[in-house]
Amino acid sequence: MPDSTINILGFDRPTLRQFFQALDELHYRADQLIQWVHQRGETEFDAMTNLSKALREKLRAVTCIEAPSVIADQVAADGTRKWLLGLSDGNCIEMVFIPESDRGTLCISSQVGCALNCTFCSTARHGYNRDLSCAEIIGQVWLAHRLLNCQTAPQRVITNVVFMGMGEPLLNFTNVVRTICLLLDDFGYGLSRRRITVSTAGIVPRIDRLRDVCPVSLAISLHAPNDILRSQLVPLNRKYSITDLMRSCREYVARDTRARVTFEYVMLRGVNDSPGHAQELVRLLRRMPAKVNLIPFNDVPGVGYERSTDADIDRFRNTLLASGIMTITRKTRGKDIDAACGQLAGRFRDRTHRSERWRHRTVELNA
Ligand code: SAH
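Predicted model only: the values in this text are computed from it and were never measured. (Residues numbered from 1 in each chain as written. Predicted model: local features only at pLDDT ≥ 70, side-chain atom pairs only at ≥ 80, totals over all residues. Heavy atoms only, no water.)

Digging into the sheet that holds strand S11 (residues 217-221)
Applicable threshold: Each pair of strands is called paired provided DSSP finds at least two bridges between the two strands. In this text, helices come from DSSP runs of H or I with a minimum length of four residues, and strands from runs of E with a minimum of two, each type numbered from the N-terminal end. Throughout, an axis means a line fitted to C-alpha atoms (over the contacting stretch in the case of helices), and angles, computed between N-to-C directions, take values from 0 to 180 degrees. By definition, residues are in contact when any of their heavy atoms lie within 4.5 Å.
Taken in spatial order, the ten strands of this open sheet run S3-S4-S5-S6-S9-S10-S11-S12-S13-S14, and their pairing is mixed. The open sheet has two free edges, formed respectively by strand S3 (69-75) and strand S14 (326-329), since each of these has just one partner strand. When strand polarity is set aside, the average angle formed by the axes of neighbouring strands in this sheet is 20°. The pairing of S11 with strand S12 (residues 261-267) spans three bridges and is classified as parallel. Bridged to Ala-219 within S12 is Thr-262. Along the sheet face, helix H7 (residues 173-184) touches strand S9 (160-163) and strand S10 (196-200) and points at about 175° away from the line of S9.

Some words on helix H1 (residues 13-22)
To keep it simple, the criterion reads: Only protein chains enter the calculation, and the probe is 1.4 Å; a residue is then buried if its accessible area is under 20% of its type maximum, exposed if over 50%, and partly exposed in between. The arc in question is formed by the directions pointing from the helix axis toward the C-beta atoms.
Turning to H1, its buried residues number three or more, namely Arg-13, Leu-16, Phe-19 and Phe-20. An end-on view of H1 places all buried positions within 125° of arc, on one side of the element. Summarising the geometry of H1, the exposed residues directed more than 90 degrees from the buried face are Pro-14, Gln-18, Gln-21 and Ala-22. Packed against the buried residues of H1 are strand S1 (6-7), helix H2 (28-39), helix H3 (53-62) and strand S2 (63-64). Where H1 terminates, the next one or two residues include Asp-24, which has phi positive at roughly 65°.

Some remarks on the domain arrangement of the protein
Under the convention used in this document: For each domain, the first and last residues come from an automatic or database assignment. Here's the idea: put two parts together, see how much 1.4 Å probe accessible area each one loses, and the total over both is what we call buried area. Salt bridges, as used here, are contacts in which a Lys or Arg side-chain nitrogen is within 4 Å of a carboxyl oxygen on Asp or Glu. By the criterion applied in these results, polar contacts are pairs of N or O atoms within 3.5 Å in which, for protein atoms, one can donate a hydrogen and the other can accept it, and in which residues neighboring in sequence qualify only through two side-chain atoms. Here the nonpolar group is Ala, Val, Leu, Ile, Met, Phe, Trp, Tyr, Cys and Pro; Asp, Glu, Lys and Arg are the charged ones; every other residue, Gly included, is treated as polar.
By the assigned domains, the protein splits into domain 1 (6-64) and domain 2 (69-366). Of note, the centres of domain 1 and domain 2, computed from C-alpha atoms alone, are 33 Å apart. Between domain 1 and domain 2, the contact holds 15 residues from the first and 16 residues from the second. A combined buried area of about 1,400 Å² lies between domain 1 and domain 2, and 58% of that area is made up of carbon and sulfur atoms. A salt bridge links Arg-13 to Asp-185; its shortest N-O distance comes to 2.6 Å. In this structure, the connection of domain 1 to domain 2 is made through seven residue pairs in polar contact (both at pLDDT 80 or more). Of all the secondary structure elements, the ones that give two or more residues to the side of domain 1 that touches domain 2 are H1 and H2. Grouping the constituent residues of the side of domain 1 that touches domain 2 by class yields four nonpolar, eight polar and three charged.

Re unusual backbone geometry
The phi dihedral of His-223 falls on the positive side, at around 70°, and the residue is not glycine. Within the element layout of this structure, His-223 appears in the loop between S11 and helix H9 (227-233).

Structural notes on the site of the ligand
Short version of the rule: Throughout this document, a residue counts as near a molecule or strand when at least one of its heavy atoms sits within 4 Å of that molecule or strand. Using a 1.4 Å probe, accessible areas were evaluated by the Shrake-Rupley method; residue-level cover was limited to the displayed protein chains.
The full set close to the ligand counts 19 residues, and Phe-120, Ser-199, Ser-221, His-223 and Asn-298 are the nearest of them. In this structure, an oxygen atom belonging to the ligand sits 2.6 Å away from a side-chain N or O atom of Ser-199. At a separation of 3.4 Å, a nitrogen atom of the ligand approaches a polar backbone atom of Cys-341. Contact with the protein chains removes 96% of the 540 Å² of surface that the ligand exposes when unbound. Elements with a contribution of two residues or more to the shell around the ligand: S10 and S12. Tallied by class, residues from the shell around the ligand come to nine nonpolar, eight polar and two charged.

See the structure below:
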């Protein structure tokens, strides 16, 4: 591919229409092209028979359609599938598909690594390299659609898309929002707002902006019911406190009486799983349209946490349920291939040198 070619895989409809205007083409041609690329997975301009020959030639000269490539493809005993994807600069990210009887959820990455330093997360331990482009984010959905042999409309197999892979989506705001536009677009993936979930550690001003530009489902990685504990587990809490976060969440769902914010809560033995913590969480969420997802901790070697016992998780859930808070314990999927929440690691050069510091620490601990 010559350096001057533009990868149009990441263009949402308004951007592609602008681009076509600059090429002196009618805007509905952009709509047709989006359908070819995202609904039919076509990469050859010559196959796009409802576009004029002249336009196809123009497109071939200045643009390309390029998605990440598959480096490894693993299937877990429970059917969960994890791919290691290669990017053009040599970095690798991970993507997971979770099939269930009534839905298929694709979990995508938004950054190479993660700059936040949540103490229990594998991605965090590996450090951060860079943001993904829109082509690299939507390219994951595009690729999964092909890899899962979706002969029918894409939204029949991939019914839900969650930004719960590597990275903090709201720190790559522009590209994530463009991706969401393509996911929502009837000419693209045609998903409804409720079937797209952005999960965030709590970048409050960006949650407010997301509410204004495209209010898809929101999940908050809460993990603790008070600031002292949360600041230890999710250092970002030192910047945006629980009070600020709760205000932002309340406003996020205020305009939609059916919407609820999902609060994710990783169950760490002896850390955040006591009956007292459950009571505190009840008080915090009492007046919030909320659902709670309890996530049994998935092992990350060397971080020094253990999973709560099943009995403690059940007791915690029952306390929330008894107070009228909708609560589920998330099933651990893809454990045998390290595809579960918080276990995605990818392969990349860590610009933050965090992984080196961890290696030294582990060596010292073992010495
Ligand atoms: N940066 C985003 C997306 C991250 S991953 C966020 O913080 O929400 C999705 C979820 O997995 C988050 O709730 C994250 O806190 C959780 N998670 C991370 N490590 C985990 C682990 N080892 N076990 C269980 N859940 C984990």
